[in-house]
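# Structural description and commentary
Given next are the chains, with one letter for each unit.
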There are 2 protein chains.
Amino acid sequence: MGLHVLKFGGTSVGSLKRMEHVADILIERAKKHQVVAVLSAMSGETDALLQSARHFTHQPSERELDVLLCTGEQKSVALMSICLQSRLQKAVSFLGSQIPIRTDIDHTRARIEEISDTKIRKALEGGSIVLIPGFQGVSDDGDLTTLGRGGSDTSAVAVAAALKADLCEIFTDIEGVYTTDPNVEPLAKKLSKITYDEMLELASLGAKVLQTRSVEFAKKYNMPIHVRSTFKLVPGTWVVEKVDPMEALVVSGITYTKNEAKVVVESMPDRIGLAAELFSLLGEAGVVVDVIVQNVSKDGTTDISFTVPRDDLSKAMEVVESHRNSLKQERCKGDPHISKVSVIGNGMRSHSGVAAKMFKVLADAGISIQMISTSEIKISCVIDEQKSKEAVKVLHKAFELDKIEPKEVNDFA
Amino acid sequence: MGLHVLKFGGTSVGSLKRMEHVADILIERAKKHQVVAVLSAMSGETDALLQSARHFTHQPSERELDVLLCTGEQKSVALMSICLQSRLQKAVSFLGSQIPIRTDIDHTRARIEEISDTKIRKALEGGSIVLIPGFQGVSDDGDLTTLGRGGSDTSAVAVAAALKADLCEIFTDIEGVYTTDPNVEPLAKKLSKITYDEMLELASLGAKVLQTRSVEFAKKYNMPIHVRSTFKLVPGTWVVEKVDPMEALVVSGITYTKNEAKVVVESMPDRIGLAAELFSLLGEAGVVVDVIVQNVSKDGTTDISFTVPRDDLSKAMEVVESHRNSLKQERCKGDPHISKVSVIGNGMRSHSGVAAKMFKVLADAGISIQMISTSEIKISCVIDEQKSKEAVKVLHKAFELDKIEPKEVNDFA
């Protein structure tokens, strides 16, 4: 008998009927294992609560917002507990403040500091399925806190780590992690396994499968995550520390971003501290910068290009223009029509030539690269937005992601 | 500067717009006094939550039901806090588990054992309005508990007692306590003052203004209650320990019941223990008996009449009939068409003749009295249901309740 932590998102518990389906899954699992279920608020609930708060003000107090939002997940666990008990399955709910799940006091984006396992273990040993509301915790002062959007994933992984569970399964409305967006490339394949590092790159690049922080947690505690569908009970994608080299892929996924923009600040007199000054100014204005590229010319001037969220483009341009006195740029150009296409793969650590292949594939397709950024397991190219989907398709084919065979996966369930 | 506890019911906070009106009241009060507000769930919320639970089972676990129901009041206090803060009024919410409001573990009908005033006082001294969800508490084990329907009234009075507040105001959708049901007698007058004992008799007789337990609490701690309207800010009714004899009324109110029935068990051979046996049998069957009258005839037989909720009439009849062997009654008759009309008044303690007057007034109106029951401050007559409204009217007139003048009331507000 193992200990399994199962997390169900808002869509999975989005109606009383769907809750009954989740109850089926939990009861089936509880026949062989101890089960902890972490639940989100019913879909739509959190948004409705936020809308009520915003009726009064667009900047509600974060402490009180947390008190308000915590009701959503609390409803879910109470109802699921009642549902399970109606089927004669022992079940008990514990709120974040009851366990307790201790966090810092940073309301609406708190970080988990400690989770006590006493109450949970006692209930598990008594044969109960334990239901825990995701997303919420409690500060040292006893104030309710929440972990930010998608925080229920983090709750689940953190609870699994605290209990030294055998695994953490994230039930959601997709079947797993794909080599790329199936809406763009119908030949996209579901990955059987992927490493934490790859998942982190995928998540931060816009594949909204798992909250980034939950993957960091899983990596820190080496907790295997299984991302799978609530509605189609087939194996999903395992997110793990290492993938056996024999089955590892050089490239695991291709992503592209929407809603990014590029700023090019041209011909500034180069000097020490110039870049620091520019990005400090942008930071103070609250503009989050992603890719940065700097070129220095022989004439002693420099161009700096960077990408920002599209909504922040005009703000970024204003910041630059309003400091012409110190930056002394010749021009500042903005381009709202760009996209960042990335190739991600743990195999890049040991395989050379991936970058060269990516650039060649794009060139052969007539797609011009505007900026390049790389990490150990990722290569990103900023290109014309209109070409982004085509870029995904040609890269997906060139790295033979359409030829992945479904692998036998060690499904603990 | 005093300390005022203000409680608002579900209708008073039934919409975001109404919450804004309540915020106005609280902010106005906070200019002169320290303010604690106890809030109910928005109207309809508790019923909706119950309905969700009943989707799964008609007997949901009471522990989990409490977890579910507590979300309603939690939402109210968080939203009100956000609303007050949006108007630059300092405010903070504390849940029952945070204060804590300690109760026993009797889920869905818990009783308050202790309320800590530390957090509340600190917040009040810091200039905040303190918002407390009504209806909820926490057990020694840290489980959430609720106090039963109408429990928010009890929360408010108990919090007021714990804080040694100057007063407790119950804001509701009626203007106060009336001499009788204004729907029956348009000449009914709002009472300026009434004693705890009178209020208890009124409440238990069907005037659904305050939860009975809240009045018992107020009596125990001698906490003045002011029942008043949220929507029309005029003085309501004070419920207090004593009313000055100069302004005391002999009779304060007339009530009548709906949905009661009468059972008459005729001609049982009289013997010691007969009544005890009959009412034990009824009690075991779960039938709650109200008025009981016994007559013993010269021939050694006895008749016992009693009233029960109308829904229990056939069950009560069955119990009697199925024990004919021991009770040996000649007949058992049921009458579903009765009503209990009562005259209540603290002044009866010192004024004789109230009962005689009541009987005469009913007789003069041609209304026959079937049963009589009295307490120190109440006289009840069971009569034909069809005559109940007429009885209320003639009694209201005879005791000159239509002539009460509105009194100047020492309104602390």
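Given the structure is predicted, the values throughout are model-derived calculations rather than measurements.

Procedures and definitions
Residues numbered from 1 in each chain as written. Chains lettered and ligands numbered in written order. Predicted model: local features only at pLDDT ≥ 70, side-chain atom pairs only at ≥ 80, totals over all residues. Helix = DSSP H or I, 4+ residues; strand = E, 2+ residues; numbered from the N terminus. Rg over C-alpha atoms; globule rule 2.2 N^0.38 Å. Buried ≥ 20, exposed ≤ 12 C-beta atoms within 10 Å, placed from the backbone. Contact = placed C-beta atoms within 7 Å. Pairing = 2+ DSSP bridges. Axes fitted to C-alpha atoms, helices over the stretch in contact; angles between N-to-C directions. Arc of directions from axis to C-beta. Domains from an automatic or database assignment. Right-handed = clockwise from strand over helix to strand, strands pointing away. Nonpolar A, V, L, I, M, F, W, Y, C, P; charged D, E, K, R; others polar. Core = buried A, V, L, I, M, F, W, Y, C linked by C-beta atoms within 7 Å. Least-squares fit on C-alpha atoms with pLDDT ≥ 70 in both. pLDDT = per-residue confidence, 0-100. Parallel < 35°, antiparallel > 145°, perpendicular 65-115°, else oblique. Left-handed = near helix turned anticlockwise from the far one by under 90°.

The next thing to look at is the overall build of chain A. Scanning chain A for helices and strands turns up twelve helices and 19 strands. Taken over C-alpha atoms, the radius of gyration comes to 24 Å for chain A, in line with the 22 Å a tight globule of 413 residues would show. The burial tally for chain A puts 49% of its 413 residues in the buried class. Considering only intrachain contacts with a sequence separation of at least 6, the fraction spanning at least 24 residues in chain A is 75%.

Another point: the sheet that holds strand E12 (residues 237–240) of chain A. Residues and elements named next belong to chain A. Taken in spatial order, the eight strands make up an open sheet running E3-E6-E2-E1-E9-E11-E12-E10, and their pairing is mixed. A strand with exactly one partner marks an edge of an open sheet, and here the two such strands are strand E3 (91–93) and strand E10 (193–195). Here the strands of the sheet are splayed against their neighbours by 20° on average, with no regard to which way each runs. Both strand E1 (residues 3–8) and strand E2 (residues 34–39) contribute to a ladder of six bridges, which runs parallel. Residue pairing across strands places Leu 6 opposite Ala 37, the latter belonging to E2.

Moving on: helix H2 (residues 45–56) of chain A. What H2 of chain A keeps buried is the set Thr 46, Leu 49, Ala 53 and Phe 56 of chain A. The buried side chains of H2 of chain A occupy one side of the element, clustering within an arc of 70° when seen end-on. In H2 of chain A, the exposed residues that point more than 90 degrees away from the buried face are Asp 47, Ala 48 and Gln 51 of chain A. Lining the buried residues of H2 of chain A we find helix H3 (62–86) of chain A together with helix H3 (62–86) of chain B.

Taken as a whole, chain A is organised into domain 1 (3–173) and domain 2 (256–401). Between the C-alpha centres of domain 1 of chain A and domain 2 of chain A there is a distance of 39 Å.

All names here are of chain B. With mixed pairing, the eight strands of this open sheet are ordered in space as E3-E6-E2-E1-E9-E11-E12-E10. Each having just a single partner strand, strand E3 (91–93) and strand E10 (193–195) make up the two edges of the open sheet. On average, each strand axis in the sheet is inclined to that of its neighbour by 20°, with strand direction left out of account. Note that strand E1 (residues 3–8) and strand E9 (residues 167–172) share five bridges and pair parallel. Bridging from a neighbouring strand, Lys 7 pairs with Ile 170 of E9. Packed onto the sheet, H3 meets strand E2 (34–39), E3 and strand E6 (129–133) and runs at close to 160° relative to E6.

Turning to the pairing of E2 of chain A, a few remarks are in order. All names here are of chain A. Taking burial as the measure, the six residues of E2 include six buried ones, the bulk of the element. In this region the chain leaves E1, passes through helix H1 (residues 16–30) and returns to the parallel neighbour E2; the handedness of that crossover is right-handed. Here four bridges tie E2 to strand E6 (residues 129–133), and the two strands are oriented parallel to one another. Opposite Ala 37, over in E6, you have Leu 131 as the bridge partner.

Bringing the interface of chain A and chain B into the picture now. Listed per partner, the contact involves 25 residues of chain A and 25 residues of chain B. For the side of chain A that touches chain B, the secondary structure elements donating two or more residues are H2 and H3 of chain A. With 13 residues, the top contributor of residues to the side of chain A that touches chain B is H3 of chain A. Looking at side-chain class alone, the side of chain A that touches chain B contains ten nonpolar, 13 polar and two charged residues.

Residue Ile 99 of chain A is joined to Pro 100 of chain A through a cis peptide bond whose omega torsion reads -15°. As for its placement among the helices and strands, Pro 100 of chain A is situated in the loop between E3 and strand E4 (101–103). Phi at Lys 328 of chain B takes a positive value of approximately 55°, unusual for a residue other than glycine. On the secondary structure map, Lys 328 of chain B appears in the loop between helix H10 (324–327) and strand E17 (331–344).

It is worth spelling out the nonpolar core at this point. Among the nonpolar cores identified, the biggest contains 234 residues, and Ala 37 and Met 80 of chain A together with Ala 37 and Met 80 of chain B are the most heavily contacted of them. Setting aside anything within four residues of it in sequence, one finds Ala 37 of chain B in contact with Leu 6, Phe 8, Leu 26, Met 80, Ile 129 and Leu 131 of chain B.

Expressed as a screw transformation, the operator carrying chain A onto chain B has a rotation angle of 179° and an axial translation of 0.1 Å, and the superposed copies differ by an RMSD of 0.4 Å. Seen this way, the second copy is the image of the first under a two-fold rotation axis. If distances are taken from each C-alpha of chain A to the rotation axis, the shortest is found for Thr 71 of chain A, at 2.8 Å. Here 100% of the contact residues of chain A are again contact residues in chain B; the copies associate through an equivalent surface.

What follows is about the environment of Asp 335 of chain B. Residue and element names in this part refer to chain B. For Asp 335, the position within the fold is in strand E17. Overall, Asp 335 belongs to the partly exposed group, with 17 C-beta atoms counted inside 10 Å. Residues Asp 335 and Val 263, 72 residues apart in the sequence, show an inter-C-alpha distance of 6.4 Å. Residue contacts for Asp 335: discarding those within four places in its chain leaves Ala 261 and Lys 262.

Attention now goes to the confidence of the model for chain A. The share of residues in chain A with pLDDT of 70 or more is 97%, and the mean pLDDT across the chain is 92. For this predicted complex, the interface confidence reaches an ipTM of 0.86, while the overall pTM sits at 0.87.

Let us look at the pairing of strand E11 (residues 225–229) of chain A. Look at any regular strand and the pattern is simple: side chains alternate between the two faces of the sheet. Residues and elements named next belong to chain A. Counting buried residues in E11 gives four out of five residues, a clear majority hidden from the surface. Where strand E9 (residues 167–172) meets E11, five bridges bridge the pair, whose relative direction is parallel. Residue pairing for E11: Phe 171 is matched across the bridge by Arg 228.

What follows concerns the packing of helix H5 (residues 151–162) of chain B against helix H7 (residues 212–221) of chain B. Residue and element names in this part refer to chain B. Interhelical geometry of H5 versus H7 gives an angle of 15° and a closest axis separation of 8 Å. In this view, H5 runs roughly parallel relative to H7, as classed from their interaxial angle. Here H5 runs over H7; the crossing is left-handed. Judged by residue contacts, Asp 153, Thr 154, Val 157, Ala 158 and Ala 161 of H5 engage Arg 213, Ser 214, Phe 217, Ala 218 and Tyr 221 from H7. For the contact of H5 with H7, the class distribution of residues is six nonpolar, two polar and two charged.

Residue and element names in this part refer to chain B. Taken N-terminus to C-terminus, the directions of helix H11 (residues 354–364) and helix H12 (residues 388–398) make an angle of 130°; their axes are 10 Å apart at the nearest point. The orientation of H11 relative to H12 falls into the category oblique. For the pair H11 and H12, the crossing hand works out as right-handed. Across the interface between the two elements, Lys 357, Met 358, Val 361 and Leu 362 from H11 touch Ala 391, Val 394, Leu 395 and Ala 398 from H12. Taken together, the residues of the contact of H11 with H12 sort by class into seven nonpolar, no polar and one charged.

Right, let's talk about the environment of Ala 356 of chain B for a bit. Residues and elements named next belong to chain B. As for its placement among the helices and strands, Ala 356 is situated in helix H11. Using a count of 10 C-beta atoms within 10 Å as the deciding quantity, one classes Ala 356 as exposed. As for Ala 356 and Ala 110, which are separated by 246 residues in sequence, their C-alpha atoms are 42 Å apart.

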